[in-house]
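# Summary of the model geometry
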Amino acid sequence: MTYSILARDPESGAIGAAAATGALCVGGWVIRGDLRAGMSASQGAKPSTLWGQDVLSRMAAGSSASSAVNAITSADVGAAYRQLAALDLHGNGAVHTGSQNGLAHGSLIEDDIVVCGNLLSDTKVLEAMVSTFRNNKMGFEEKLIAALFAAERAGGDHRGLLSAALLVYRPDSPPVTLRIDYHDSPLLALRTLYEKHCDPDYQAWRETLPTSEHPER
């Protein structure tokens, strides 16, 4: 019931994800991350929040994205109803997509990027997300949001959208975790929230907070 993108910026060390769905609270259900592990998206007809955290734990312990995804999904009898994407800190991705996730579902994996979706209007949604992220000259967070808009223009979730989210981790900055849990136009609301996040006064306050590189700031 969701489309999502996981990405890594090898120059800055940023890792991030963005997702949108025709159901409630996509940020809480789907995307997770950890600077010690990478990013994950756990979604599908019957999503497992356990999968999303478990795959990060395995990657933090040294497993590749592929090994972690295979280990988790192969042990779950409900795997046919779920979709799991992972991107490790080396920029390698992996996806499991169960067969019971709507007629249009799938994924694309490239260096430093993974996109996946289910209950889509068309799998061209996935191509639009990758192309927009790759060819956009904006900043990392803006490119993730732009990928969601590209997916919607390409058909998106065939039911329409109700929620959207952005999650970004950087070694030298506090996390960016922005969620629109219910809205008639969640992508527009997410973009507006991100613009508020970029307010200079808010950013000046964020620069005083602990980070992975400066945990006692």
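The structure contained in this document is the topic of the report that follows.

The rules we used
Once a new chain begins, its residue numbering starts again from 1 and follows that chain's sequence as written. Local features are withheld for residues below a pLDDT of 70 in this predicted model, meaning they are given only at 70 or higher, and side-chain atom pairs are given and counted only at 80 or more; totals for whole chains, interfaces and linings count all residues. Based on all heavy atoms of the structure, the side-chain values leave hydrogens and waters out of the count. Simply put, an axis is a line fit to the C-alpha atoms, just over the touching stretch for a helix, and the angle between two N-to-C directions goes from 0 to 180 degrees. Runs of E in the DSSP output that reach at least two residues are strands. Runs of H or I that reach at least four are helices, and both are numbered from the N terminus. These descriptions rest on fixed angle ranges, namely under 35 degrees for roughly parallel, over 145 for roughly antiparallel, 65 to 115 for roughly perpendicular, and the rest for oblique. Should the near helix be turned counterclockwise from the far one by less than a right angle, the crossing is left-handed, whereas a clockwise turn marks it as right-handed. Two residues qualify as a contact provided that any one of their heavy atoms is within 4.5 Å of a heavy atom in the partner residue. Polarity classes work like this: nonpolar for Ala, Val, Leu, Ile, Met, Phe, Trp, Tyr, Cys and Pro, charged for Asp, Glu, Lys and Arg, and polar for all others, with Gly in that last group. The criterion for strand pairing is that DSSP finds at least two bridges linking the strands in question. Between buried and exposed lies partly exposed: a residue is buried under 20% and exposed over 50% of the maximum accessible area for its type, with that area taken using a 1.4 Å probe on protein chains only. We call a set of buried residues a nonpolar core when its members are Ala, Val, Leu, Ile, Met, Phe, Trp, Tyr or Cys and they connect through side-chain atoms within 4.5 Å of each other. Take the number of residues in a helix, subtract one, and multiply by 1.5 Å to get its expected span. Each C-beta atom gives one direction from the helix axis, and the arc is the one those directions make.

Let us now look at the packing of helix α5 (residues 140-153) against helix α6 (residues 186-197). Across the interface, α5 lies against α6 with an axial gap of 10 Å and an inter-helix angle of 165°. Classed by the angle they form, the pair α5 and α6 counts as roughly antiparallel. Once α5 is placed against α6, the crossing between them reads as left-handed. Every residue of α6 that contacts α5 at Glu141, Glu142, Ile145, Leu148, Phe149 and Glu152 is listed here: Leu187, Leu188, Leu190, Arg191 and Tyr194. Partitioned by chemical class, the residues of the contact of α5 with α6 number 7 nonpolar, no polar and 4 charged.

Here Phe133 lies in helix α4 (residues 124-135). When the C-alpha positions of Phe133 and Leu148 are compared, they lie 9.4 Å apart, and in sequence the two are 15 residues distant. When sequence neighbours within four positions are dropped, the list of residues in contact with Phe133 reads Ile5, Ala7, Ile113, Phe140, Lys143 and Leu144.

For sheets, the rule is that strands pair by backbone hydrogen bonds, running either parallel or antiparallel. Here we have 6 strands laid out as an open sheet, ordered β7-β8-β1-β2-β9-β10, and antiparallel in their pairing. Across the chains shown, the open sheet's two edge strands, defined by having one partner strand only, are β7 (106-110) and β10 (173-180). The average angle at which neighbouring strand axes cross in this sheet is 5°, direction not considered. Two strands pair when backbone bridges link them, and strand β1 (residues 2-9) and strand β2 (residues 14-21) are joined in this way by 8 bridges, in the antiparallel orientation. Within β2, the position partnered with Leu6 by the bridge is Ala17. Against the sheet, α6 engages β1, β2, β9 (163-170) and β10, with an angle of about 150° to β10.

Next up on the list: the pairing of strand β4 (residues 38-43). Summarising burial for β4: 6 of the 6 residues are buried, a large majority. A two-sided burial pattern is seen for β4, the buried positions comprising Gly38, Ser40 and Ser42 on one face and Met39, Ala41 and Gln43 on the other. One ladder, built from 4 bridges, connects strand β3 (residues 31-34) with β4; its direction is antiparallel. Bridged to Asp34 within β4 is Gly38. Here β3 hands over to β4 after 3 residues, the two strands then running antiparallel side by side. Across 6 bridges, the pairing between β4 and strand β5 (residues 83-88) is antiparallel. Bridge pairing in β5 links Met39 to Leu87.

Our focus in this paragraph is the nonpolar core. By size, the foremost hydrophobic cluster in this structure holds 33 residues, and its most contacted members are Tyr3, Ile5, Met129, Leu144 and Leu166. Of all elements in the fold, only β1, β2, β8 (113-117), α4, α5, β9, β10 and α6 reach the threshold of two or more residues within this core. Core analysis: the second largest hydrophobic core is formed by 16 residues, Ala19, Val26, Ile31 and Ala85 among them.

For the rest of this paragraph, the subject is helix α2 (residues 49-60). The terminal C-alpha atoms of α2, which comprises 12 residues, lie 17 Å apart, in line with the 16 Å expected from a rise of 1.5 Å per residue. Of all the residues in α2, the buried ones are Trp51, Gly52, Val55, Leu56 and Met59. For α2, the angular spread of the buried residues around the axis is 130°, confining them to a single face. Buried positions along α2 lie against β3, β4, α3 (65-74), β5 and β6 (93-97). Looking one or two residues beyond α2, the residue adopting positive phi is Gly62, at roughly 115°.

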